[in-house]
Amino acid sequence: MTDRADKLIIAGREFSSRLMVGTGKYADFQQMAKAIEASGAEIVTVAVRRINISDRSKESLLDHLDLTKYTLLPNTAGCYTADDAVRTCRLAREAGLSDFVKLEVLGDEKTLYPDNEELLKAATILIKEGFTVLPYTSDDPIVCRKLEEIGCAAVMPLGAPIGSGLGIRNPYNIRIILETIKVPVIVDAGVGTASDAAIAMELGCHGVLMNTGIAGAKDPIAMAEAMKLAVIAGRLAYRAGRIPKKLYATASSPIEGIIE
Amino acid sequence: MQIIVNGENKIITEMSLSGFLESIGIDPRQVAVELNREIVPKSSFESKILHEGDRIEIVHFVGGG
């Protein structure tokens, strides 16, 4: 049984699901909506882009998301400077319903690694303007500490590069970050399959954010459910407290009373 | 007069921002608008009159991670 009191709290807001999902890369909006439903996520990320003014025939993403059910988390994907990221967040707040933003400032196109210097600059400005900032960052305990110090509502270190599906490449860094940081730690990026999500949660992370791991699967709706269960299982295992790892065997059955 | 909308030139008659959005079939509830790099709050769409050379950015939410 899932402990009902075990809520994820970000900036005073309570969430029952610890899985956050993206809305990109799906075959169509119907598939996206079904996958999000199957994931049980309550926070969904979206991107901010220019509207096509010459062709208004296309459907809108928001027509397929029940905003009474989901909290939108607009991202600043594609921004390479603090200025562009801040500008995007201001537009996102105006287009949306809340001041939650997933702040990412990228360093280069090949790795999509964060430019942490620009990230800190952007986060400082946005927090002054009243935004609730959830920054995508590298798995660097010092950068995470600085992000917390300036007032970010969570830190979101990558498990591996965006869309790589390589899993949690440095669990030791994630552990150090968890020991250092008091705000929620959410692994963002790199999750390839259910066990990756479970590992993040077993380490003690407060949540996991993913897009490609679900949308890129052969059956995104089934993978969404797998991720939901993995996050729940990982969280329960973390709270249950795992046994220590030992080199040699310890018998599970009693030694006494063995027939001779 | 000419304005630039999302990088494209547009010829329009004098009108308000909300009139312009309506003329190109945009639901103002689902977008955010920048006029000459300043955010225009939705409450000002009606009163904001467009001028020659204005640069407008109209954005909305799309799928992303």
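Please refer to the structure higher up on the page.
Predicted model, so just to flag it, every value in this text is computed and none were measured.

The rules we used
- Residues numbered from 1 in each chain as written.
- Chains lettered and ligands numbered in written order.
- Predicted model: local features only at pLDDT ≥ 70, side-chain atom pairs only at ≥ 80, totals over all residues.
- Heavy atoms only, no water.
- Core = buried A, V, L, I, M, F, W, Y, C linked by side-chain atoms within 4.5 Å.
- Buried < 20%, exposed > 50% of the residue type's maximum accessible area, 1.4 Å probe, protein only.
- Helix = DSSP H or I, 4+ residues; strand = E, 2+ residues; numbered from the N terminus.
- Contact = heavy atoms within 4.5 Å.
- Buried area = accessible area lost by both parts, 1.4 Å probe.
- Salt bridge = Lys/Arg side-chain N within 4 Å of Asp/Glu carboxyl O.

All right, on to the nonpolar core then. Residues L103 of chain A together with F61 of chain B are the most contacted members of the largest nonpolar core, which totals 67 residues. Sorting elements by how many residues they give to this core places helix 2 (residues 82–95) of chain A first, with 7 residues. The contact partners of F61 of chain B, leaving out residues within four places of it in the chain, are V46, A47, V48, L61, L62, L72, P74, A92, A95 and G96 of chain A. Membership of the second largest hydrophobic core comes to 18 residues, among which are I12, V33, V40 and I56 of chain B.

With 28 residues of chain B at the contact, the number on the chain A side is 30 residues. Between chain B and chain A, roughly 2,600 Å² of surface is buried when both sides are summed, and carbon and sulfur atoms account for 58% of that area. Contact with chain A buries surface across chain B, with Q30, F61 and G65 of chain B losing the most and accounting together for 29% of the total. Linking chain B with chain A are 2 salt bridges.

Further remarks concern the environment of C144 of chain A. All names here are of chain A. In this fold, C144 is placed in helix 4 (residues 141–149). For C144, a relative accessible area of 0% puts it in the buried group. For C144, the contacting residues outside a window of four places in its chain are T137, S138, V155, P157, I177 and I181.

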